[in-house]
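Here is how the chains run, residue by residue.
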Amino acid sequence: MTRLAVDPIACTGHGLCAELLPEAIALDEWGYPLLADGELPRELLRRARSVAATCPTRALRLVQTAARSAATDA
Amino acid sequence: MTTVLSTHGLFDAPGPGLPEHRATFGPLPGADPVELAAAAELTGRGGAGFPTAVKLRSVADAAVATRRSPVLVGNGAEGEPAAAKDAVLLSRAPHLVLDGLSLVARGLGATDVVLAAPEHLLPGLAARLAERPDGAAVRLHPAAAEFLSGEESALVADIDGDPPLPRSKLVPVRERGVDGRPTLVQNVETLARLALMARGDRETSGRTLVTRRFQRNRTPWTDVLEIPLGAPLGDVLPLDSHVRAVLVGGYHGTWLPAAVARGLPLDRAGLEPVGAALGAGVLAALPADRCGLRETARVVGYLAASSAGQCGPCLNGLPRIAAALAVLARAATPPPQLLTDIWRWCGLLPDRGACRHPDGTVRLVASALGVFAPEVRLHASGRCSATTTRPFLPVPGAVR
């Protein structure tokens, strides 16, 4: 069970990810990635891994789906 | 300040000193904070309303997993300009907060304890710490005076000596916070409630502090009040015919029409159906002589300027939304696509930042466009229903 995640601080909107993985990533009007909801389909896993590795700022990650970080505030 | 709604509570001690505190509340008994929080279903009072027991356990678990002793941070930063409850609590009942820190530090085995608060409160807090035998264990930290300075990862960065900006949540603060160690950041009111719970007060988790802002005899009035959760909003905040709308939760909160707000129970279950939450505990009654669009535009301008500027959607979206709202706030026909643009930008922001600043700002904007829709139409025809442009909601003059 794997999904895509972006570290929004690291991401500077190169847009490479959307070019290389259009099945799961689109760009917003400012050039920042919009990720498809939910699990990454199995057939995309390998390619997604290599796309994450080519992200110029290493902002794109593959994460195992467990609990999302919950508390962001005290 | 009225005290009708609470017969006993956080402000019961007649003064802030240790003798008054001891005489009013007695000594602090030993207790397990996790058990206390779990039994009373205590929720955090910093804004997110997260279950305290879950948060305490997750930090304790992270400490075991990483074999590093955790850091405890009392969060009194309160960057929200409309809120005053944490500052009032730290001034009037500091020893309850310090008791809470002591209790949680013991429970977690935390060796490093930090209390973060605005700089002007630190001399008073230092004097209170000096009164306590365990006072030397707490380090005071001046919190940056910015909107995001109380966001937990921004506060951790500040304590670490970095710029006070939110950090990525891919590794959460509970696992890697201050000094890279598991860190519990807990709001000061939550800590004070735990201190009362340790003394056997079963009611305190059912009460909360709110900051009220309204106009009394044409004069602005602000106070802090302890209320029972679930009290009808109209019983807490004076809502006469001169009130147009109510802002619930603060600048990441929700505008509601006065008629809707009046009967709403002030708790999670009561506010959720109308898309609102207590958030930072701010309740503000917008006087009928003000323009809700103008007020919102000023606040959103401040919020856009308060962005950390780290995440693309927030960096791009908030200034555009703020500029568009400034146009809508004028009594003039706006460009035809402007509302469509605002709604599209609002849709692009939630869940895409390192922190919840864009999400909260969008919540405020969306509620304003709904509640003040008649005003939007009035402005388009060149008119405004307000009779004064005097600002109501506070916005700091100097922003980042």
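Here the structure is a predicted model, which is why all the values come from computation and not from measurement.

This next bit is on the pattern of salt bridges. All names here are of chain B. Following the criterion strictly, the structure yields 28 salt bridges over all chains and no others. Among the ionic pairs, Arg181 bridges to Asp179, the shortest N-O distance being 3.5 Å. For Asp179, a relative accessible area of 46% puts it in the partly exposed group. As a salt-bridge pair, Glu226 and Arg207 come within 3.3 Å of each other at their nearest N and O atoms. In this pair, Glu226 sits in strand S6 (residues 219–228) while Arg207 sits in strand S5 (residues 207–216), placing the two residues 19 residues apart along the sequence. There is no split in this pair, since Glu226 and Arg207 are both buried. Sharing partners across several salt bridges, the network here consists of Arg45, Lys85, Asp86, Glu189, Arg193, Asp201, Arg207 and Glu226.

Both the distance between ring centres and the angle between the ring planes are used here to describe each pair of aromatic rings. Residue and element names in this part refer to chain B. According to the stated counting rule, one finds three aromatic pairs over all chains in the structure shown. Ring geometry for Phe147 and Tyr302: centres 5.9 Å apart, planes at 85°, overall edge-to-face. Residue Phe147 is located in the loop between strand S3 (138–143) and helix H7 (152–159), and its partner Tyr302 is located in helix H12 (residues 292–305); the two are separated by 155 residues in the primary sequence. Across the pair, exposure class does not vary: Phe147 and Tyr302 are buried alike. Note on Tyr251 and Tyr302: the rings are 6.5 Å apart at their centroids and 75° apart in plane angle, and the pair reads as edge-to-face. Linking Tyr251 in the loop between strand S7 (243–248) and strand S8 (254–257) with Tyr302 in helix H12, this pair joins segments that are 51 residues apart in sequence. The exposure classification of Tyr251 matches that of Tyr302, with both residues buried.

Take the UniProt feature "domain: NADH-ubiquinone oxidoreductase 51kDa subunit FMN-binding" (unreviewed entry) in chain B next. The positions UniProt marks with the feature "domain: NADH-ubiquinone oxidoreductase 51kDa subunit FMN-binding" (unreviewed entry) are residues 39–194 of chain B. The straight-line gap between the two end C-alpha atoms of residues 39–194 of chain B is 11 Å; of that span, 41% is helix and 15% is strand.

What counts and how
- Residues numbered from 1 in each chain as written.
- Chains lettered and ligands numbered in written order.
- Predicted model: local features only at pLDDT ≥ 70, side-chain atom pairs only at ≥ 80, totals over all residues.
- Heavy atoms only, no water.
- Salt bridge = Lys/Arg side-chain N within 4 Å of Asp/Glu carboxyl O.
- Buried < 20%, exposed > 50% of the residue type's maximum accessible area, 1.4 Å probe, protein only.
- Helix = DSSP H or I, 4+ residues; strand = E, 2+ residues; numbered from the N terminus.
- Phe/Tyr/Trp six-rings, centres within 6.5 Å; stacked < 30°, edge-to-face > 60°.
- UniProt positions renumbered as here; feature names shortened; annotations may be inferred.

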